[in-house]
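# An overview of the molecular structure
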Amino acid sequence: MEKLQTTYLGLKLRNPLIAGSCGLTNSISNIRELEKKGVGAIVIKSLFEEQIHLEAEKVIKNDIGGVSLFNRAPDTILSKRIYDYDEAYSYIYDFAKRNTLAKYLSFLAEAKESVEIPVIASINCVSNQDWHSFAKKIEETGVDAIELNIYILPSDWRRSGEDNEKIYYDIIQEVRNYVNLPIAVKIGFYFSSLAQSVKSLSECGIKGLVLFNRPYNTDINIDKIELSHGPIYSTPEEFTHTLRWISILSGNIGCDLSASTGVHDHKSFIKQLLAGATTVQIASALYKEGFEVIPEILDGTTAWMKKHNFGTVDSFRGNLSKSKLENPAAIERVQFMKLYSGIE
Ligand SMILES: Cc1cc2nc3c(=O)[nH]c(=O)nc-3n(C[C@H](O)[C@H](O)[C@H](O)COP(=O)(O)O)c2cc1C
């Protein structure tokens, strides 16, 4: 397995396969098992700032005795001091925040103690203030790096692309001002000029970019005639979108690239490395195939490397990157025309 050694975010990994942030990286027994099965690093389930808001809302709605805070006589509400909604909310919010953050921090410290492989924390915040204050506290737990899970759906037509992108830079700058941990930024693909945005993000002091978070997918239930959610887990066919962008971007970018979405077996894992990914993250495959998918990917890759005489991952990483092409879009268009014009 030494052949698979990789450096990601400045950390030494025994191989480039990472258990991505998801519900399965939220328990110590799973984290131990993931290490045993062979992953190179683990990204812990994100701490979502909105989760704290939800906790606070829950407490406010179902406070003492299950009766809403706002249906009580004022003098029975926790105290008269928090009679007013805003005051009550901020009191309970602060409590929920301290509580949720403390639980996450102690989980990180325990996770770090439990395994030898690098442990990467993950946060998803709303306010600038919390991004850096959470990150600072996370650094103190001893984890190896932090992934900023910045998810912006540019659906507000009053905001320009520049307005939305400024949020990414502001968050990164804020966190960098307060922590020395290696920072990776996980993004979606909704940028008006993806290649340019990824390049400039990669040059603002972060060590890695994770491409891409899989967006929440909307669906419609035609029996109930209401909105519902689309599939939670990716399918193996979804790897091509990330593959395209890793291939176009690798070699032109000022930081590591970690491929995420649609990797379910050793074949798509190898493809992402050939396209130029530094590491590859899996989440849905862990749910759908179980943790046995880890040795399948690692053994399949080692056997493929042997067959093709590659002694190390570096000897083939990026060999099929499009970064060397002057205009990948034009080449893609030619291929598209060749392929689709022949189908009747
Ligand atoms: C059930 C579930 C929970 C997830 N939770 C998180 C999370 O807390 N933070 C995060 O950054 N990504 C989260 N993800 C996204 C995954 O890390 C990953 O980026 C995405 O699912 C695409 O990769 P995949 O095709 O290997 O699943 C979650 C995914 C799933 C399926």
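Residues numbered from 1 in each chain as written. Predicted model: local features only at pLDDT ≥ 70, side-chain atom pairs only at ≥ 80, totals over all residues. Heavy atoms only, no water.

## What about the overall build of the protein chain?
Threshold: What counts as a helix is a DSSP run of H or I of at least four residues, what counts as a strand is a run of E of at least two, and both are numbered from the N terminus. We compute the radius of gyration from the C-alpha atoms alone; for a globule the expected value is 2.2 Å times N to the 0.38, where N is the number of residues. Burial here depends on accessible area, computed with a 1.4 Å probe over protein chains only, as a share of the maximum for the residue type. Under 20% is buried, over 50% is exposed, and the range in between is partly exposed. Here a residue-residue contact requires only that any non-hydrogen atoms of the pair lie within 4.5 Å. Areas reported as accessible are Shrake-Rupley estimates using a 1.4 Å probe. Residue values count occlusion only from the protein chains shown. Note that His is not counted, nor are the chain ends; the positive residues are Lys and Arg, and the negative ones are Asp and Glu. In this description, the location of a charge corresponds to atom NZ of lysine, CZ of arginine, CG of aspartate or CD of glutamate.
Broken down by element type, the protein chain carries 12 helices and 13 strands. Relative to the globule expectation of 20 Å for 344 residues, the C-alpha radius of gyration of the protein chain, 22 Å, shows essentially globular dimensions. Expressed as lengths along the three principal axes of its C-alpha atoms, the size of the protein chain is roughly 75 × 50 × 45 Å. Here the protein chain holds 344 residues, and the buried ones make up 49% of them. For the protein chain, the share of sequence-separated contacts (at least 6 apart) that also reach a separation of at least 24 residues comes to 68%. Accessible surface, the protein chain: about 17,900 Å² in total, of which carbon and sulfur atoms supply 53%. A distance of 4 Å separates the average location of the 38 positive side-chain charges in the protein chain from that of its 43 negative side-chain charges.

## Focus: the nonpolar core
Most often, soluble globular proteins have nonpolar side chains that are buried together. The condition is simple: We call a set of buried residues a nonpolar core when its members are Ala, Val, Leu, Ile, Met, Phe, Trp, Tyr or Cys and they connect through side-chain atoms within 4.5 Å of each other.
Within the largest apolar cluster, 87 residues are counted, with the highest numbers of intra-cluster contacts made by Ile123, Ile138, Leu148, Ile187, Leu209 and Ile294. In terms of residues, this core owes the most to one element, helix α4 (residues 85-114), which gives 10 residues. Those residues in contact with leucine 209, other than ones at most four positions away along the chain, are Val185, Ile187, Val198, Leu201, Ser202, Cys255, Asp256, Leu257 and Ser258. If you look at the next biggest cluster of nonpolar residues, it comprises 11 residues, including Ile18, Ala41, Ile120 and Ala145.

## Concerning the pairing of strand β6 (residues 119-124)
Our working definition: Pairing between strands is defined by DSSP: at least two bridges between them are needed.
Most of β6 is tucked away: 6 of the 6 residues are buried. Here β6 shows a buried face lined by Val119, Ala121 and Ile123 and a second buried face lined by Ile120, Ser122 and Asn124. Sheet topology note: the strand β5 (residues 47-48)/β6 ladder contains 2 bridges and is parallel. Among the inter-strand pairings, phenylalanine 48 is bridged to a residue of β6, identified as asparagine 124.

## Let's talk about the pairing of strand β8 (residues 183-187)
For clarity, the threshold we go by: If the strands point away from the viewer and the path from the first strand over the helix to the second runs clockwise, then the crossover is right-handed.
Among the 5 residues of β8, 5 are classified as buried, and the element is accordingly described as predominantly covered. Bridge count for strand β7 (residues 145-149) against β8 is 4 bridges, and the pairing is parallel. Opposite glutamate 147, over in β8, you have alanine 184 as the bridge partner. Relative to strand β9 (residues 208-211), β8 is paired through 4 bridges, and the arrangement is parallel. What sits directly across from lysine 186, in β9, is valine 210. The parallel pair β8 and β9 is bridged by helix α7 (residues 194-202), and the resulting crossover is right-handed.

## Describing the packing of aromatic side chains
Where we set the bar: Classification of ring pairs uses Phe, Tyr and Trp, with its six-membered ring standing for Trp, and accepts pairs whose centres are within 6.5 Å; under 30 degrees between planes counts as stacked, over 60 as edge-to-face, and the remaining range as tilted.
Evaluation of the coordinates by the stated rule reveals 7 aromatic pairs. Consider the rings of phenylalanine 189 and phenylalanine 212, whose centres lie 5.5 Å apart with planes at 90°: the pair is edge-to-face. Taken together, the residues phenylalanine 189 in the loop between β8 and α7 and phenylalanine 212 in the loop between β9 and β10 (218-221) connect sequence positions 23 residues apart. Owing to a relative accessible area of 1%, phenylalanine 212 belongs among the buried residues under this scheme. Both rings, one in phenylalanine 310 and one in phenylalanine 316, keep their centres 5.2 Å apart while their planes meet at 45°; by these two values the pair is tilted. The exposure classification of phenylalanine 310 matches that of phenylalanine 316, with both residues buried. Through pairs of rings, three or more aromatic residues link up here, namely Phe189, Tyr190 and Phe212.

## Notes on a nonpolar patch on the surface
Applied cut-off: Patch construction takes residues with relative accessible area above 30% that form no salt bridge. Like charges are linked within 9 Å, and nonpolar side chains (Val, Leu, Ile, Met, Phe, Trp, Tyr) are linked within 5 Å. By convention in these notes, a salt bridge is any Lys or Arg side-chain nitrogen within 4 Å of a carboxyl oxygen on Asp or Glu.
On the surface, a cluster of nonpolar side chains totalling about 540 Å² of accessible area is made up of Phe336, Met337, Leu339, Tyr340 and Ile343. The topology assignment puts leucine 339 in helix α12 (residues 328-341). Residue class for leucine 339 comes out exposed when judged on its relative accessible area of 55%.

## Section: the site of the ligand
To be explicit about the condition: Whether a residue is near a molecule or strand depends on its heavy atoms: it is near if one of them lies within 4 Å of it. Pairs of N or O atoms are called polar contacts if they sit within 3.5 Å, as long as, within protein, a hydrogen donor faces a hydrogen acceptor (for residues adjacent in sequence, only side-chain-to-side-chain pairs). Polar here means any residue other than Ala, Val, Leu, Ile, Met, Phe, Trp, Tyr, Cys and Pro, which are nonpolar, and Asp, Glu, Lys and Arg, which are charged; Gly is therefore polar.
Every one of the 20 residues lining the ligand counts as a neighbour, but Ser21, Ser46, Ser234, Gly262 and Ser284 are closest to it. A distance of 2.5 Å separates an oxygen atom of the ligand from a polar side-chain atom of serine 234. Of the residues belonging to the shell around the ligand, the class tally is 7 nonpolar, 10 polar and 3 charged.

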